[in-house]
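So you can see what is in the structure, the chains are spelled out below.
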Amino acid sequence: MSELSVNHLLGIKYLNESDLHLIFETADRFKEVINRPIKKVPSLRDVTIANLFFENSTRTKLSFELAEKRLSADILNFSAAQSSVKKGETLEDTVNNILAMKVDMVVMRHPHPGAASFLSKKVDACIINAGDGTHEHPTQALLDAFSIREKLGDVAGKKVVIVGDILHSRVALSNIYALTALGAEVKICGPKSLIPKYIESLGVTVEPDLRKALLWCDVANMLRVQNERMDKSYFPSVREYAQLYGLNLPLLESLNKSIVVLHPGPINRGVEVTSAVADSEHAIILDQVENGVAIRMAVIYLLAEKLIIPTNA
Ligand code: CP
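So, a few notes on the structure that sits alongside this text.

Conventions adopted
Residues numbered from 1 in each chain as written. Predicted model: local features only at pLDDT ≥ 70, side-chain atom pairs only at ≥ 80, totals over all residues. Heavy atoms only, no water. Near = heavy atom within 4 Å. Polar contact = N/O pair within 3.5 Å; in protein donor to acceptor, adjacent residues only side chain to side chain. Areas by Shrake-Rupley, 256 points an atom, 1.4 Å probe, with all protein chains shown as cover. 1 Å grid on protein atoms, 1.4 Å probe; cavity = no way out; pocket = protein on both sides within 12 Å on 5 of 7 lines; lining within 4 Å. Sits in = over half its atoms within 2 Å of the grid points. Salt bridge = Lys/Arg side-chain N within 4 Å of Asp/Glu carboxyl O. Helix = DSSP H or I, 4+ residues; strand = E, 2+ residues; numbered from the N terminus. Buried < 20%, exposed > 50% of the residue type's maximum accessible area, 1.4 Å probe, protein only. Pairing = 2+ DSSP bridges. Right-handed = clockwise from strand over helix to strand, strands pointing away.

## A closer look at the site of the ligand
Here is step 1: Lining the immediate surroundings of the ligand are S57, T58, R59, T60, R109, H137, Q140, P264 and G265.
Here is step 2: Within the side chain of T60, one N or O atom sits 2.6 Å away from an oxygen atom of the ligand.
Here is step 3: Considered on its own, the ligand offers 250 Å² of accessible surface; in the complex 91% of this is hidden by protein.
Here is step 4: Counting atoms within 2 Å of the grid points, the majority share of the ligand lands in the largest pocket.

## As for the pattern of salt bridges
Here is step 1: Taken as a whole and assessed by the stated rule, the structure comprises 7 salt bridges.
Here is step 2: Two residues, D28 and R149, come together in a salt bridge whose shortest N-O distance is 2.7 Å. Highlighted residues: D28 in helix α1 (residues 17–34) and R149 in helix α5 (residues 138–152), separated in sequence by 121 residues.
Here is step 3: On the basis of relative accessibility, which here comes to 33%, the residue D28 falls in the partly exposed class.
Here is step 4: As a salt-bridge pair, R170 and E55 come within 2.8 Å of each other at their nearest N and O atoms.

## Description of the pairing of strand β4 (residues 126–132)
Consecutive side chains of a regular strand alternate in pointing toward one face of the sheet and then the other.
Here is step 1: Taking burial as the measure, the 7 residues of β4 include 7 buried ones, the bulk of the element.
Here is step 2: Here strand β3 (residues 105–110) pairs with β4 via 5 bridges, running parallel. When the sheet's bridge partners are listed, V107 is paired in β4 with I128.
Here is step 3: This β-α-β element, β3 to helix α4 (residues 115–122) to β4, shows right-handed connectivity.

And the structure:
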């Protein structure tokens, strides 16, 4: 198969295993490109992409923008904070006004779950979900799985524990879909109050004890505590959270085995992981960021192939 089964990237849930491998193989080629002295290809010279960010972002926004530039696309950047959204304009009107300027593809981050899916039904453009509330963050899961594959040779058969605030995390849900589709075993670890009751129906198991989970796994993906999405207190104190679910170097070294540590960022240093862990050889946090550009180039390139306009690949 040489094309994606979807016309939009709304979530990992809608991709099949062949799509995931195709994205990784395409990202392998783009990773080689972005490590050349001339890091740019003319593939998307005829494509215009709007980056619509209705919620804050550092990594995802910059990574998409760089990926689009490396592919030679034309780019429009939109930030809700400086826009007419503040004057009451609806999402559909905002996007239709941008599309009237002949935009082919929209990359959107939005605080509401389902916003990307809603948009894909309303407007005539390819939509890429850059994170929709607590729902999905598909390109983050793709770059996480790609980084595991790069470090360990394959994702199939690997044991991955996802630790922390699962309840509010779009990264957790997209990771669960991607890792299980690729044949990894997945465990969830965190305070009971931050683990949704339905989680085991997604093909994962729960291990409340972090040390036991770490002894079991090959990879630990340490998720951020998402204070901005919490309307009440889910654990007694940050200090207690860090003691029970935070990863520090003495704990890591007491395991007497090597595990790969991921974090999607931004990191609350001293909460999910200590600085000693984040900056150690165990962590591949900056590899994840580097791989994010190649993965986003692959996603944009493969979706652009499905647009009506011809590309110069
Ligand atoms: N990982 C991630 O989505 O980071 P940003 O919120 O900075 O984009």
